[in-house]
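So you can see what is in the structure, the chains are spelled out below.
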Amino acid sequence: MFTKPQIALFIGILCIAIFPILVKLNYTPGVISAFYRMAIALAVLLPYAIIKKKIKIPSTKVLLLTLLCGALFGSDVAVWNIAIQESTATQASLLTNLSPIWVGIATFLFLSPKPSRNFWIGTMIALFGMITLVGFRFFLDLSFDIGFYFGILSGVFYSAYLLLSKHLLGNTDVVSFLTLSLLGSSIFLAGLSWYLGEPFSGFSNIGWGVLIVQGLVCQLLAWVLLSYATKHMRATRVSLSLLGQAFLAALFAWIFLNEEITLQMVIGGIILLFGIRVTFIDKPISLFPKKQVTTSL
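Fair warning: this is a prediction, and the values are worked out from it, not measured in the lab.

K.L.:
Kindly report on the overall build of the protein chain, identifying the contributing residues and their values.
P.N.:
Check the secondary structure of the protein chain and you find 14 helices and zero strands. Taken from the N to the C terminus, the helices and strands of the protein chain come in the order α-α-α-α-α-α-α-α-α-α-α-α-α-α. A total of 297 residues make up the protein chain; the buried ones form 47% of that total. Taking the contacts inside the protein chain whose residues are at least 6 apart along the sequence as the reference set, 86% of them involve residues at least 24 apart. Accessible area for the protein chain stands at about 15,900 Å²; split by element, carbon and sulfur atoms hold 70% of it.

Below, the structure written as structure tokens:
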């Protein structure tokens, strides 16, 4: 029998997993798609927060950092969209899941406590998985394309968002943080879309429908469900479960988009996610276990 938090977690993961499929349909450009994902979610959440008096304006410093946090998350979604459209939903989803690795590296460089030995073991395994996923020849020839670069960059932006949001959530409540960060995302992505000349209108009915689903389901509903699950479950268990959305996205891409999934991609994806799993293990891993020495009296 599944508990309510477990059901919420599963549905939340499903909501995120369908996002790459919607983006890959290419009904709208990548950056404007990210803008509407944030703006539509904000249009629903903001009135609720005001009517229920859930929103509280923090200090100027916290407010500015929260808006910056939103810009980082918006950047993550925007470059992820481009990675999906320029490569495959499968590759982009797996590469962006490297974000725990970048979080660990940033923690090692700038924060404390420092990552454990398990983190570095998991990092090496995950990087080997990434190389296997993309292809060894791809790295030997240095034939990196924009889809690969933006898939990696998406994980970097998301890791920066995670580090900053963890700090900010200690100084503000969840609803206020989500509302203000969505505001920051919307403002930033609106400006970026305008600068890049991406259209704000003129989409087909299906295109508008896809944007609404992204905003209400992939953004608002997904993060409400995941926040509920995180509140009632161990954070590490939720984080590990979220890795499953990459495989669900690959499955959906195979079913609905006819994306080819080779054996090499499957093996590389499994190695990559296993490496990330290793970074969450608390008990120290010993590559060379010590032999127990017994003495006789």
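K.L.:
Can you explain the layout of surface pockets? Please cite residues and give values.
P.N.:
Here the second largest pocket is characterised by a volume of approximately 250 Å³. Considering the residues around the second largest pocket, the lining is formed by Leu-45, Tyr-48, Val-174, Val-175, Leu-178, Trp-223, Val-224, Ser-227, Tyr-228 and Lys-231. Broken down by secondary-structure element, the contributors of at least two residues to the lining of the second largest pocket are helix H3 (30-51), helix H10 (174-196) and helix H11 (205-232). When residues in the lining of the second largest pocket are grouped by element, the largest group, five residues, is from H11.

K.L.:
Describe the packing of helix H1 (residues 4-17) against helix H13 (residues 244-256), naming the residues involved and giving the relevant values.
P.N.:
Orientation of H1 relative to H13, taken along the N-to-C sense of each, is 50°, at an axis distance of 9 Å. The orientation of H1 with respect to H13, classified from their angle, is oblique. Note that H1 runs across H13; the crossing there is right-handed. Within the contact between the two elements, H1 uses Ile-13, Leu-14, Ile-16 and Ala-17 and H13 uses Gly-244, Gln-245, Leu-248, Ala-249 and Phe-252.

K.L.:
Lay out the packing of aromatic side chains with the relevant residues and their values.
P.N.:
Enumeration over the complete set of coordinates arrives at twelve aromatic pairs. Pairing Phe-35 with Tyr-36 gives two aromatic rings, centres 4.9 Å apart and planes at 65°, and the pair type is edge-to-face. Owing to a relative accessible area of 12%, Phe-35 belongs among the buried residues under this scheme. Tyr-36 gets classed as buried once you look at its relative accessible area, which sits at 13%. On the numbers, 5.0 Å between centres and 45° between planes, the contact of Phe-73 with Tyr-161 is tilted. A residue pair is termed long-range when its members are at least 10 positions apart, and Phe-73 in helix H4 (residues 60-86) and Tyr-161 in helix H9 (residues 146-168) qualify at 88 residues. On the basis of relative accessibility, which here comes to 5%, the residue Phe-73 falls in the buried class. According to the relative accessible area criterion, Tyr-161 is buried, its value standing at 10%. Aromatic ring contacts, followed pair by pair, group Phe-35, Tyr-36, Phe-200, Phe-203 and Trp-208 into a single cluster. Above the ring of Phe-19, the side-chain terminus of Arg-37 is found at 4.3 Å from the ring centroid.

K.L.:
Give a detailed account of H3, specifying residues and quantitative values.
P.N.:
With 22 residues, H3 should cover 32 Å at 1.5 Å per step; its first-to-last C-alpha distance of 33 Å lies within 8% of that length. With its phi angle positive at about 55°, Lys-53 sits one or two positions after the end of H3.

K.L.:
Quick one: what's the story with the side chain of Ser-33, residue by residue and with numbers?
P.N.:
Mapped onto the fold, Ser-33 is located in helix H3. Accessibility expressed as a relative area gives 2% for Ser-33, which makes it buried. If sequence neighbours within four positions are ignored, Ser-33 has contacts with Thr-28, Asn-81, Leu-211 and Gln-214.

K.L.:
With reference to specific residues and values, describe the packing of H3 against H10.
P.N.:
Where H3 meets H10, the closest approach of the two axes is 8 Å, and the angle between their N-to-C directions is 145°. Where H3 crosses over H10, the handedness of that crossing is left-handed. Residues Val-31, Ile-32, Ala-34, Phe-35, Met-38, Ala-39, Ala-41, Leu-42, Leu-45, Leu-46 and Ala-49 of H3 touch H10, and the partners they reach there are Val-175, Leu-178, Thr-179, Leu-182, Leu-183, Ser-185, Ser-186, Leu-189, Ala-190, Leu-192, Ser-193 and Leu-196. Considered class by class, the residues forming the contact of H3 with H10 number 19 nonpolar, four polar and no charged.

How each quantity is defined
- Residues numbered from 1 in each chain as written.
- Predicted model: local features only at pLDDT ≥ 70, side-chain atom pairs only at ≥ 80, totals over all residues.
- Heavy atoms only, no water.
- Helix = DSSP H or I, 4+ residues; strand = E, 2+ residues; numbered from the N terminus.
- Buried < 20%, exposed > 50% of the residue type's maximum accessible area, 1.4 Å probe, protein only.
- Contact = heavy atoms within 4.5 Å.
- Areas by Shrake-Rupley, 256 points an atom, 1.4 Å probe, with all protein chains shown as cover.
- 1 Å grid on protein atoms, 1.4 Å probe; cavity = no way out; pocket = protein on both sides within 12 Å on 5 of 7 lines; lining within 4 Å.
- Points joined across faces, edges and corners; volume = space filled by probe spheres on them.
- Axes fitted to C-alpha atoms, helices over the stretch in contact; angles between N-to-C directions.
- Parallel < 35°, antiparallel > 145°, perpendicular 65-115°, else oblique.
- Left-handed = near helix turned anticlockwise from the far one by under 90°.
- Phe/Tyr/Trp six-rings, centres within 6.5 Å; stacked < 30°, edge-to-face > 60°.
- Lys NZ or Arg CZ within 6 Å of the ring centre and 35° of its normal.
- Expected span 1.5 Å × (residues − 1).
- Nonpolar A, V, L, I, M, F, W, Y, C, P; charged D, E, K, R; others polar.

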